[in-house]
Amino acid sequence: MTDLPAQPISPDQRQRAVDRLCEHFAADNLDTDEFERRLDLAYAAQTKHELVALEQDLPELRPRSAAEAAPDPAETDPANAPRRAVVDPSRPAPERDFMLAVMGGTERTGRWTPARNIRVFSMMGGASLDFREATFATGEVTVSILQVMGGTEIIVPPGVHVESNGVAIMGGFGSAQRSSPSSPDAPVLRITGFALMGGVDISARFPGESAREARKRIKAENKAAKRAALPPGEND
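First, a word on scope: everything that follows refers to the structure included in this document. Remember, it's a predicted structure, so these values are computed and weren't measured experimentally.

Some thoughts on the side chain of D130
- Its location among the elements puts D130 in strand β5 (residues 126-130).
- Here R132 takes part through its side chain, which lies 2.8 Å from a polar atom of the side chain of D130.
- If we skip the residues at most four places from it in the chain, D130 touches R108, T109, W112 and I155.

The structure is reproduced here in structure tokens:
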């Protein structure tokens, strides 16, 4: 196998390599000590070859969606995999969508195009909105929730900017666990509403990623962020 040329790396390439190590840790491909060792090597790396070498003995990461399973010819380096929500302004989207669950359940999941305004009413039931494989046709989506004695689950892919402004009585109105800052052109999800003796849970997960894997990945990313903030030389 021919070695890669000793090309310098950009901050974005280094961050993508760190992100992938976090995913390997979340998938139990690395224990804590080995993860921290490779994390130090990633921050000390000076070339693309050094970044690629960090993953050469690790199993292939599970594709997060059918679209991501096919490699991008422009991104042949494992350190260059894009991680962002899909926005397609040319795709038609309804102005409004209404979800109703009374002593039952309703959901939006898989590949779908969210409406600009989504209203959810759930009484003694549950609603689920999974945006992980959704294609956003607009840069801003508003979700208004009225939840009574039940639960609403909202799952977004990392990178979506979430603004949550809800009220709960004898319940909870959770906010997304955003493990990394969203880009300026990322879609915005505004979540408002009221929960009575019920809850609204908002979490950030990749397609196919379980809640446990997400918690472990976010813990790893937070640890990586702390190491990145250290002065040069203190990662050794």
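Let us keep going from here.
Some words on the sheet that holds strand β12 (residues 199-204)
- In space, the five strands of this open sheet follow the order β3-β5-β8-β12-β10, with parallel pairing throughout. The open sheet has two edge strands with one neighbour each: β3 (105-108) and β10 (172-173).
- Across six bridges, the pairing between strand β8 (residues 151-156) and β12 is parallel. Directly across from V156, in β12, lies its bridge partner A204.

Side note on the packing of aromatic side chains
- Counted by the stated rule, this structure contains three aromatic pairs.
- Ring centres of F25 and F35 lie 4.7 Å apart, and the angle between their planes is 25°; this geometry places the pair in the stacked category. Of this pair, F25 sits in helix α1 (residues 11-26) while F35 sits in helix α2 (residues 32-44), placing them 10 residues apart in sequence.
- Judged by its relative accessible area of 1%, F35 falls in the buried class.
- Through pairs of rings, three or more aromatic residues link up here, namely W112, F131 and F136.

Digging into the sheet that holds strand β7 (residues 140-148)
- Taken in spatial order, the five strands line up as β2-β4-β7-β11-β9 in an open sheet, and their pairing is parallel. The strands lining the two open edges of the sheet, one partner per strand, are β2 (96-102) and β9 (161-169). Across this sheet, the average inter-strand angle for adjacent strands is 10°, counted without regard to direction.
- Pairing of strand β4 (residues 117-123) with β7, which is carried by seven bridges, proceeds in the parallel orientation. Within β7, the residue paired with S122 across the bridge is Q147.

Analysis parameters
- Residue indices begin from 1 for each chain and proceed along its sequence in written order.
- A pLDDT threshold of at least 70 governs which residues receive local features in this predicted model, and a stricter bar of 80 or more applies before side-chain atom pairs are shown or counted, although totals over entire chains, interfaces and linings include all residues.
- Water and hydrogen atoms were dropped before computing side-chain values, which therefore reflect all heavy atoms in the structure.
- In DSSP terms, a helix is any run of H or I states spanning at least four residues, a strand is any run of E spanning at least two, and both are numbered starting from the N terminus.
- We call two N or O atoms a polar contact when they sit within 3.5 Å, provided that within protein one can donate a hydrogen and the other can accept it, with sequence-adjacent residues counted only if both atoms are side-chain atoms.
- It only takes one pair of heavy atoms within 4.5 Å for two residues to be counted as in contact.
- Between any two strands, at least two bridges found by DSSP are needed for them to pair.
- For this analysis, a ring pair means two rings from Phe, Tyr or Trp (six-membered ring only for Trp) whose centres lie within 6.5 Å, classed as stacked if their planes differ by under 30 degrees, edge-to-face if by over 60, and tilted for the remaining angles.
- Relative accessibility decides the category of a residue: with a 1.4 Å probe and only protein chains considered, values under 20% of the type maximum give buried, values over 50% give exposed, and everything between is partly exposed.
- Axes here refer to lines fitted to C-alpha atoms; in helices the fit is confined to the stretch in contact. Angles between the N-to-C directions go from 0 to 180 degrees.

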